[in-house]
Number of protein chains: 2
Amino acid sequence: MTYLNKDINEIELLSKEDYPQKGKKPSKIREDLPKLIKELGIKDGDSISFHHHLRNGDRVLVHVMKAIQKAGIKDITLVASSIFPSMAEIVELIEDGTITNVVSSYISGPVGEAISKGKLKGKVIMQSHGGRARAILADEVVINYAFIAAPSCDMKGNISGTNGPNSCGALGYAMSDAVKGQKTIAVTDYIAGYPNFPADITEDYIDYIYKVDSIGEKTGIVSGTTMITKDPVGLKIAQDTLKAMIATGLVQKGLSFQTGAGGISLAVADYLRDYMKENEIVGSFASGGITGYLVDMLEEGLFEALFDVQCFDLKAVESIGKNANHLKMSGSLYGNPDVSCVVDNLDIVILGATEIDTDFNVNVTTGSHGMLMGGSGGHQDTAFGAKVSIIVSKLFSSRIPFIKDRVDVITTPGNTVDILVTERGISINPLRTDLIEKFKAAKVDIIDIHDLKKYAESVMGVPKKIEKTDRIVGLSQSRTGDILDYIYEVKH
Amino acid sequence: MTYLNKDINEIELLSKEDYPQKGKKPSKIREDLPKLIKELGIKDGDSISFHHHLRNGDRVLVHVMKAIQKAGIKDITLVASSIFPSMAEIVELIEDGTITNVVSSYISGPVGEAISKGKLKGKVIMQSHGGRARAILADEVVINYAFIAAPSCDMKGNISGTNGPNSCGALGYAMSDAVKGQKTIAVTDYIAGYPNFPADITEDYIDYIYKVDSIGEKTGIVSGTTMITKDPVGLKIAQDTLKAMIATGLVQKGLSFQTGAGGISLAVADYLRDYMKENEIVGSFASGGITGYLVDMLEEGLFEALFDVQCFDLKAVESIGKNANHLKMSGSLYGNPDVSCVVDNLDIVILGATEIDTDFNVNVTTGSHGMLMGGSGGHQDTAFGAKVSIIVSKLFSSRIPFIKDRVDVITTPGNTVDILVTERGISINPLRTDLIEKFKAAKVDIIDIHDLKKYAESVMGVPKKIEKTDRIVGLSQSRTGDILDYIYEVKH
């Protein structure tokens, strides 16, 4: 309160000579990355952030980081909301010390393997999507430079994910970076006329615009499984999941719903769609990373709105550009536990898992060989926020049982995971006595998770323990900031 | 960087017993204001903010402040983006010490008079709209409690200015308050279904929702002059202004334009509209407080987009709810000098004035009797940002000459005011030699501002000096934070 607390008689007037002069504003546009890196003053030890809305099609992260490597800058903390197989070249930067630490919500492919093999000199911190927004907005993760891949950007910095040849729709995870990045650089291959709208990030948050030939390929957005499973076992699980959902009593007018993009999860959405149509149920909203399946449900009037933090396919991208009920949301609005967020309004979330243990802890961070190959994304956030969280999975994956005594890495704490649906039965977390009662009343059978585990082991045997060294290479962080688990180096 | 800088072997895991528990989230909705004031813990010396989008129709500011008075709380700093005649009851709160300081961008009516008569124990700080956003976002003005009049709000706090019986359209000035208010309270007379969209302020920024019977009357938005003048002298000035605009060379494809809501300013927009139609000119955007006149121009294709920080009439409110090219903007995006803002992209702004001096300094803060009866609003911001700022005014107002040796209070520094258009001729600020050349080339006559002043005084005489005491009651602040002028107590 600079002037409020001062004696008014001691406040001096600005002299006429010192009035700010109006005149030309310097251009924000740059076309030479090495020069820009110099102008920005990026130096050893800085932290640099990227968002992943172009997913496996993103070419911005590698392009910028390689230029930083070329400039001889070391010891960077890479704050990348996700890292995909297409970013394999980053391994070299980890090996040569350009990158020392990584903060991310999802890492798959060679970069995850390199980290698991102990190549990172510092550590990796794996956060949920909501936890990332929290950490950035609370200044716990400081971003010196935020590079924001921009499908379109005007000459002043108004960024839209809707326009441009590589439109990717929502830009939810980039928003905290735009707000908190000490310097923010839009990286774009499409300079739009002023004003560029609808703007996801407005010019008041952008310091520089770096014009490139290509930010990537939007077709790379569709990576991993974003199709309904055709496997009959998976379809049975999906059918049983719908039964479980109905047993909770939540599938009624006003239902709010989220589902992952895995094959079984999407099959659940498909069965739910038929059920809602037949029973004339209109839900309130669906949220999350959005696929074409949810777009169809919106267009059919089964939901009043979609809350979209990232588009999982091109149908979602198209929809968000034209349907006023297909809403964009920031990562913070999605799942930041420090604030009122959308996940807290969810009735049911359907989630996949790599493995689960008898305490219902879920691992989606490491794979069966103990290598980093995923991360929470919104898993932790939605499991916590939703009234009922449901894990759908087959009991085996590549002959390895799905249920363990203790998961390799706790991504999502078991006390927030309510129901497990497998091909051999439905287990309910014993903490949810209310749900157990409801399932009894609805005459839906349930089975103890220990019995499911025993059955699986009777078929495939007890899986071998993953061999790890005693070196901790990273941390699995809770959305509220505490550390849930260590990530150990894999023996190789 | 909490965990990044720590030895990984010394980081402890959160124990299972301490995992956050999922469960019911407490309701944000409150219906008893005295109880809410207690729950919030509002105390002597706190600062409380309000926005003014319902303008003279707002009933939230007085309602809340009277309850604070009733609670016996003293020494409040009232951070109100504007104060209108309908808020006369605030005078009593100034007199009894409930309110000690006022920070605002526009004050008209009894509250302004009371402050000018020295009734405020502390001081008033008059800011521009952009300067207000800057001061709040830079933590220079701290807001302990932001009360946000919400035309509609869902039970989680998603606020929309578009929906509800008292929809007022844009909520641009409330945004910095929502972001920075230490506690934020949506005050609404319309609880919408979840999710309420399009949301101007999302639930992640809202702590409480206070449900009232009425937030005011949207018809009160139209206050002051928001009609084209019918006065032939005013119309001549408007015609000459269009000539001046054309002489600048800026009235061409891509024109960006803003005009105040005064009768002459609106007449300029009307003449401009005809000219753009005749010459098939399509501008890029118009900005500011938006009136139906600019909506018409948007709908006729004369501008590609409108940037709207507040709706000045109900036609603008209607348009912003349905036209995707009618964009909402925050006060910061509008005019915050710390960031890239829309005013910096303006070609021409047309502004009114209460008085101007021979250095082109403008006063829109005090009236002819020296009483507070206005304020910068966007005046300072647009005069600075626009390539050419034009003041339109008659040479006399109620027989008092318009041009002075020194204005009573400097609201907008003369070095940012470029052209003055009066019924006796056009003056150009001598700093703008470029414009003087252009007007010569275009054969548009100009006249020295001293000669205009002499003429006016030859007709009406030199105006009497306003009688003031030597007590400073307030400050006219520049948008960048310095103090431009003192506001003195008026002798009464």
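1. Here we look at the pairing of strand S4 (residues 99–104) of chain A
All names here are of chain A.
Argument step 1. The buried count for S4 comes to six of six residues, which makes it a mostly enclosed element.
Argument step 2. Of the pairings in the sheet, the one linking strand S3 (residues 76–80) to S4 comprises four bridges and is parallel in character. Counterpart to Leu78 in the pairing with S4 is Val102.
Argument step 3. Assessed by its sense of winding, the connection that carries the chain from S3 through helix H3 (residues 90–95) to S4 is right-handed.

2. Description of the domain arrangement of chain A
Residue and element names in this part refer to chain A.
Argument step 1. Assigned domains within chain A: domain 1 (29–221) and domain 2 (232–467).
Argument step 2. Placing a centre on the C-alpha atoms of domain 1 and another on those of domain 2 gives a separation of 29 Å.
Argument step 3. The partner domain 2 presents 32 residues to the 35 residues of domain 1 that form the contact.
Argument step 4. Each partner contributes to the roughly 2,400 Å² buried at the junction of domain 1 and domain 2, and carbon and sulfur atoms together form 64% of this total.
Argument step 5. In this structure, the connection of domain 1 to domain 2 is made through 14 residue pairs in polar contact (both at pLDDT 80 or more).
Argument step 6. Secondary-structure elements contributing two or more residues to the side of domain 1 that touches domain 2 are helix H4 (110–116), strand S5 (124–126) and helix H5 (129–137).
Argument step 7. In terms of residues, the side of domain 1 that touches domain 2 owes the most to one element, H5, which gives six residues.
Argument step 8. Per-class residue counts for the side of domain 1 that touches domain 2 are 14 nonpolar, 15 polar and six charged.

3. Considerations on the relation of the copies chain B and chain A
Argument step 1. For the match of chain B to chain A, the screw axis carries a shift of 0.0 Å, the RMSD comes to 0.0 Å, and the turn is 180°. In symmetry terms, the pair is related by a two-fold rotation axis. Among all residues of chain B, the minimum C-alpha distance to the rotation axis is found for B:Ala324, at 4.7 Å.

4. A few points about helix H9 (residues 292–299) of chain B
All names here are of chain B.
Argument step 1. Across the eight residues that make up H9, a large majority, six, are buried.
Argument step 2. Where the residues of H9 are buried, they touch strand S12 (256–259), helix H8 (263–278), strand S13 (283–290), strand S14 (303–311), helix H10 (314–322) and strand S15 (326–328).
Argument step 3. In the segment just after H9, Gly301 is the residue with positive phi, at about 80°.

5. Re the sheet that holds strand S7 (residues 152–154) of chain B
Residue and element names in this part refer to chain B.
Argument step 1. Ordered by their spatial adjacency, three strands build an open sheet running S8-S7-S10, and the pairing between neighbours is mixed. Bordering the open sheet on either side are strand S8 (159–160) and strand S10 (191–192), each of which pairs with just one other strand.
Argument step 2. In this sheet, S10 lies alongside S7 in parallel orientation, the contact comprising two bridges. Bridge pairing in S10 links Asp154 to Ala192.

6. Some details on the pattern of salt bridges
Argument step 1. Per the counting criterion, the structure on display carries 67 salt bridges over all chains.
Argument step 2. For the salt bridge of A:Arg479 with A:Asp381, the shortest nitrogen-to-oxygen distance reads 2.8 Å. With a gap of 98 residues between them, A:Arg479 in the loop between strand S25 (468–477) and strand S26 (483–490) and A:Asp381 in helix H12 (residues 379–385) connect regions that are remote in the sequence. A single burial state applies to A:Arg479 and to A:Asp381, both of which are buried.
Argument step 3. A salt bridge links B:Lys387 to B:Asp347, with the shortest nitrogen-to-oxygen separation between them at 2.7 Å. Placement of the pair is B:Lys387 in the loop between helix H12 (379–385) and strand S19 (388–392) and B:Asp347 in the loop between helix H11 (331–335) and strand S16 (348–351), with a sequence separation of 40 residues.

7. Some words on the confidence of the model for chain A
Argument step 1. With 99% of its residues at a pLDDT of 70 or more, chain A has an overall mean of 96.
Argument step 2. Quick note on the complex model: pTM equals 0.96, ipTM equals 0.95.

8. Let's talk about the sheet that holds strand S17 (residues 355–357) of chain B
All names here are of chain B.
Argument step 1. Read across the open sheet, the three strands follow the order S18-S17-S22; overall the sheet is mixed. The outermost strands of the open sheet, each flanked by one partner alone, are strand S18 (362–363) and strand S22 (403–404).
Argument step 2. As judged from the two bridges shared by S17 and S22, these two strands associate in the parallel manner. Its bridge partner lying in S22, Ile356 is registered against Ile403.

9. Comments concerning unusual backbone geometry
Argument step 1. Here the bond from A:Phe197 into A:Pro198 is cis, since omega is -5°, no more than 30 degrees from zero.
Argument step 2. Within the secondary structure, A:Pro198 sits in the loop between strand S10 (191–192) and strand S11 (208–211).
Argument step 3. Of note in the backbone geometry, A:Arg55 takes a positive phi value of approximately 50° without being a glycine.
Argument step 4. You can see A:Arg55 is positioned in the loop between strand S2 (47–50) and helix H2 (60–70).
Argument step 5. Judged by its relative accessible area of 10%, A:Arg55 falls in the buried class.
Argument step 6. One non-glycine residue with positive phi stands out, namely B:Phe360, at about 70°.

10. A word on the packing of aromatic side chains
Argument step 1. Per the counting criterion, the structure on display carries 14 aromatic pairs over all chains.
Argument step 2. Aromatic pair B:Phe257 and B:Phe303: ring centres 6.4 Å apart, planes at 5°, arrangement stacked. Taken together, the positions of B:Phe257 in strand S12 and B:Phe303 in strand S14 put the pair 46 residues apart, joining distant regions of the chain.
Argument step 3. Since its relative accessible area comes to 0%, B:Phe257 is described here as buried.
Argument step 4. For the pair B:Tyr486 and B:Tyr488, a centre-to-centre distance of 6.1 Å together with 70° between the ring planes defines the contact as edge-to-face.
Argument step 5. A residue is classified by how much of its surface remains accessible, and B:Tyr486, at 16% relative accessible area, is buried.
Argument step 6. The class for B:Tyr488 is partly exposed, based on a relative accessible area of 29%.
Argument step 7. The cationic tip of A:Arg424 hangs over the ring face of A:Tyr455; the distance from NZ or CZ to the ring centre is 3.9 Å.

Thresholds applied
- Residues numbered from 1 in each chain as written.
- Chains lettered and ligands numbered in written order.
- Predicted model: local features only at pLDDT ≥ 70, side-chain atom pairs only at ≥ 80, totals over all residues.
- Heavy atoms only, no water.
- Buried < 20%, exposed > 50% of the residue type's maximum accessible area, 1.4 Å probe, protein only.
- Helix = DSSP H or I, 4+ residues; strand = E, 2+ residues; numbered from the N terminus.
- Pairing = 2+ DSSP bridges.
- Right-handed = clockwise from strand over helix to strand, strands pointing away.
- Domains from an automatic or database assignment.
- Contact = heavy atoms within 4.5 Å.
- Buried area = accessible area lost by both parts, 1.4 Å probe.
- Polar contact = N/O pair within 3.5 Å; in protein donor to acceptor, adjacent residues only side chain to side chain.
- Nonpolar A, V, L, I, M, F, W, Y, C, P; charged D, E, K, R; others polar.
- Least-squares fit on C-alpha atoms with pLDDT ≥ 70 in both.
- Salt bridge = Lys/Arg side-chain N within 4 Å of Asp/Glu carboxyl O.
- pLDDT = per-residue confidence, 0-100.
- Phe/Tyr/Trp six-rings, centres within 6.5 Å; stacked < 30°, edge-to-face > 60°.
- Lys NZ or Arg CZ within 6 Å of the ring centre and 35° of its normal.

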